[in-house]
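Geometric and topological summary
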Amino acid sequence: MTVNTQQNQQEMKKQNSLRDMIMLNMDMFKMAVPKTITPERMARIAMTAVTKNPKLALCSPSSFFGALLTAAQLGLEVNTPLGQSYLIPYNGKRGMECQFQLGYQGILDLAYRTGKFRRIKAVVVHAGDDFTYSYGLHAVLTHVPKMIGTPTHVYALYELLNGGIDFEVWTWAQVIAHAKQYSQSFSKADSSWQTAPEEMAKKTVLKALLKYAPKAVEYANSEQEGLATAINMDGGIITKNIVRDGDYQEITDTVDYETGDDTQLPEPPAHKAPNEPPPTQMAEPASPSPKRSSTMQPKLPAGEDANISAETEAQLNALWDAKQQATFDDMSFPM
């Protein structure tokens with residue numbers, strides 16, 4: 001028996017094991033999937049993905065099932081031309097595991113399901129395009145594509161049905177630097193960053209933009225897991241568990257981001273688009289701390305500080321504290 005024959009038999013055993021696991025857990029699929037997709041179709045799509053990429057059969061069953069069930073809960077197809085989500089084999093510290101990866105089209109689909117967005121997209125700018133932008137109270141974003149030259153920028157934008165708008169712009173160098181820092185598979189030949197770099201770039205910047213979206217639009221209706229959940233799961237090794245208490249059943253998640261996935265985003269400088277509505281929740285202002293070690297007190301002229309009595313120093317400190325408290329309490333203080 002040749003080595004190739006033995007390897008093929010091992011892969012077939014792994015595939016059959018995954019198929020059996022899916023069939024044994026069909027009840028969990030029926031609990032998870034929304035109306036947009038049937039459990040049977042999701043199972044067929046999964047096995048097709050394994051056939052096309054035999055490395056998936058080598059992944060731990062728990063990670064494969066966790067990634068697959070996550071996609072099913074979100075109503076996203078995996079490893080299909082729709083580009084909604086992907087099952088990615090990852091050789092990590094614990095061996096081969098399956099990573100759930102959200103696709104650019106998946107983000108758009110989930111965003112529109114919320115019923116909050118009029119439009120949302122990301123665009124790659126090329127060297128020959130006419131492109132200008134600026135942030136501030138009168139933000140500007142102008143792009144006339146000519147599709148000539150190499151990528152120079154990537155921008156993402158959204159417009160809400162209530163009129164709120166926002167956009168985010170990264171240079172291509174920023175995108176690549178981010179990918180090299182946060183994606184351990186960036187340099188691999190079969191990495192999405194090598195096979196579809198512009199799609200990955202658009203997803204990266206779009207996710208950065210959605211950090212600023214009003215919290216109310218991050219969650220879909222009760223039939224969907226929601227946009228925020230999908231983004232949080234992106235790039236994770238997911239383990240699913242089912243909790244039963246009488247007639248009550250719930251699927252719980254454990255997500256491990258140890259793999260250096262594509263989803264960890266540095267905090268970009270905050271900005272606010274001119275027409276963005278106020279957020280649904282405001283953070284409570286922090287109460288002034290009794291200790292203000294970071295606040296500089298006014299210095300006395302040279303030589304005078306040594307001649308101040310303890311009583312005078314206490315009076316000056318009390319006056320300073322009262323002045324600072326008035327600054328915090330004064331609502332007319334310019335923002």
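Residues numbered from 1 in each chain as written. Predicted model: local features only at pLDDT ≥ 70, side-chain atom pairs only at ≥ 80, totals over all residues. Heavy atoms only, no water.

Notes on the packing of aromatic side chains
Under the convention used in this document: Side-chain rings of Phe, Tyr and Trp, where Trp is taken by its six-membered ring, are said to pair if the distance between their centres is within 6.5 Å; with planes under 30 degrees apart they count as stacked, over 60 as edge-to-face, and otherwise as tilted. Numbering of helices and strands runs from the N terminus; a helix is a DSSP stretch of H or I covering at least four residues, while a strand is a stretch of E covering at least two.
Scanning the model with the defined rule gives six aromatic pairs in all. A ring pair is formed by tyrosine 135 and phenylalanine 167, whose centres lie 5.3 Å apart and whose planes are at 25°; its orientation type is stacked. You can see tyrosine 135 sitting in the loop between strand S4 (130–134) and strand S5 (140–144) and its partner phenylalanine 167 sitting in strand S7 (residues 165–171), a full 32 residues away along the chain. What links up through ring pairs into an aromatic cluster is the set Phe131, Tyr133, Tyr135, Tyr155 and Phe167.

Here's the deal with the side chain of threonine 204
Counted only if it meets this: Burial classes: relative accessible area under 20% of the type maximum marks a residue as buried, over 50% as exposed, and values in between as partly exposed (1.4 Å probe, protein chains only). Counted as a polar contact is a pair of N or O atoms within 3.5 Å, where, for protein atoms, one must be capable of donating a hydrogen and the other of accepting one, and residues adjacent in sequence contribute only when both atoms are in side chains.
The topology assignment puts threonine 204 in helix H8 (residues 197–210). The exposure class assigned to threonine 204 is buried, which follows from its relative accessible area of 2%. Here the side chain of threonine 204 touches methionine 200 through a polar contact of 2.9 Å, landing on its backbone oxygen.

A short note on the packing of helix H3 (residues 39–52) against helix H4 (residues 61–74)
Rules: Orientation is described by axes fitted as lines to C-alpha atoms, over the contacting stretch for helices, and by angles from 0 to 180 degrees between their N-to-C directions. The labels follow the angle: roughly parallel below 35 degrees, roughly antiparallel above 145, roughly perpendicular from 65 to 115, and oblique for the rest. Two helices cross in a left-handed way if the nearer one is turned anticlockwise from the farther one by less than a right angle. They cross in a right-handed way if the turn is clockwise. Contacts between residues were defined by any pair of non-hydrogen atoms, one from each residue, lying within 4.5 Å. Amino acid classes used here: Ala, Val, Leu, Ile, Met, Phe, Trp, Tyr, Cys and Pro are nonpolar; Asp, Glu, Lys and Arg are charged; the rest, including Gly, are polar.
H4 packs onto H3 with a crossing angle of 135° between their chain directions and a minimal axis gap of 11 Å. By the angle between their directions, the pair H3 and H4 is classed as oblique. Seen along the crossing, H3 lies across H4 with a hand that is right-handed. From H3, Met42, Ala46 and Val50 reach across to H4, where they touch Phe64, Leu68, Ala71 and Ala72. Its residues assigned to classes, the contact of H3 with H4 comprises seven nonpolar, no polar and no charged.

What about the environment of histidine 178?
By the secondary structure assignment, histidine 178 is in helix H6 (residues 172–182). With 26 residues separating them in the primary sequence, histidine 178 and threonine 204 have C-alpha atoms 8.8 Å apart.

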